[in-house]
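# Examination of the molecular architecture
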Amino acid sequence: IFTKDFRHLAKNLPLRFFFCPTEELDEWLREYYDNPLTGMKGRDRLYSSIAEKYLGVTRRYVADWLANLETNQIHSEPKNVKISRPVILRKPMASWAVDLTWLY
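Sequence positions are assigned chain by chain, starting from 1 and proceeding in written order. Predicted model: local features are reported for residues with pLDDT of at least 70 only, side-chain atom pairs are reported and counted for 80 or more only, and whole-chain, interface and lining totals are derived from all residues. To obtain the side-chain values, all non-hydrogen atoms of the structure were used and water was disregarded.

### Details of the overall build of the protein
Runs of E in the DSSP output that reach at least two residues are strands. Runs of H or I that reach at least four are helices, and both are numbered from the N terminus. When you go through the protein residue by residue, the secondary structure sums to four helices and three strands. Ordered by position from the N terminus, the helices and strands of the protein form the series β-β-α-α-β-α-α. Residue exposure (1.4 Å probe, protein chains only): buried if accessible area is under 20% of the type maximum, exposed if over 50%, otherwise partly exposed. Relative to its 104 residues, the protein shows a buried fraction of 20%. The contact criterion used throughout is that any non-hydrogen atoms of two residues lie within 4.5 Å. When contacts within the protein are restricted to residue pairs at least 6 apart in sequence, long-range pairs at least 24 apart make up 36% of them. As displayed, the protein has an accessible area near 9500 Å², and 54% of this comes from carbon and sulfur atoms. Computed by Shrake-Rupley with a 1.4 Å probe, the accessible areas treat only the displayed protein chains as cover when residues are assessed.

Encoded structure:
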């Protein structure tokens, strides 16, 4: 992780910001998330704790990264897919359906 101190650029900037290159971002997020002092939080709390100190990490990226975690995939509820099946009749003319439309 590359570090850069911006105090010489802006006198009012109290925090020290770190840059994380995009090639190493997944690995860095894994280390940050696995650390019990900083990680193991939901999307918004994890992003806000990262955004306080680090630049270059977006909320969307954190959300997508969390969605791809194994624990999230195991514990998330599967999406309900509605399956519509055709009606298969055993005898011809066994079922009738009528649409009524009133035209005046």
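### Points about the confidence of the model for the protein
Known as pLDDT, the predictor's confidence for each residue is given on a scale from 0 to 100. Per-residue confidence for the protein gives a mean pLDDT of 79; residues scoring 70 or more make up 79%. Per-element confidence in the protein is highest for helix H3 (residues 59–67), whose mean pLDDT is 91, and lowest for strand E1 (residues 2–3), whose mean pLDDT is 40. Confidence drops under a pLDDT of 50 for residues 1–11, and excluding neighbours within four residues, the segment shows 19 contacts in the predicted structure.

### Some thoughts on the packing of helix H1 (residues 25–34) against H3
Structural elements are reduced to axes, namely lines fitted to C-alpha atoms, with helices fitted over the stretch in contact, and the angle between N-to-C directions of any two is expressed from 0 to 180 degrees. Two elements in contact, H1 and H3, have axes whose closest approach is 11 Å; the angle formed by their N-to-C orientations is 75 degrees. Of the possible angle classes, the one that applies to H1 and H3 is roughly perpendicular. Contacts between H1 and H3 involve Leu25, Asp26, Leu29, Arg30 and Tyr33 from the former and Tyr61, Trp65 and Leu66 from the latter. Residue classes follow a fixed rule: Ala, Val, Leu, Ile, Met, Phe, Trp, Tyr, Cys and Pro count as nonpolar, while Asp, Glu, Lys and Arg count as charged, and any other residue, Gly among them, counts as polar. Taken together, the residues of the contact of H1 with H3 sort by class into six nonpolar, no polar and two charged. Every angle not falling under 35 degrees, over 145, or within 65 to 115 is termed oblique; those three ranges are roughly parallel, roughly antiparallel and roughly perpendicular.

### Let's talk about a nonpolar patch on the surface
Judged by side-chain polarity, Val98, Leu100, Trp102 and Tyr104 come together as a nonpolar surface patch covering roughly 680 Å² of accessible area. Within the secondary structure layout, Trp102 lies in the segment after helix H4 (70–75). Judged by its relative accessible area of 68%, Trp102 is exposed. By definition, no residue in a patch forms a salt bridge, and every one has over 30% relative accessible area; like charges are joined within 9 Å, nonpolar side chains (Val, Leu, Ile, Met, Phe, Trp, Tyr) within 5 Å. For this analysis, a salt bridge means a side-chain nitrogen from Lys or Arg found within 4 Å of a carboxyl oxygen belonging to Asp or Glu.

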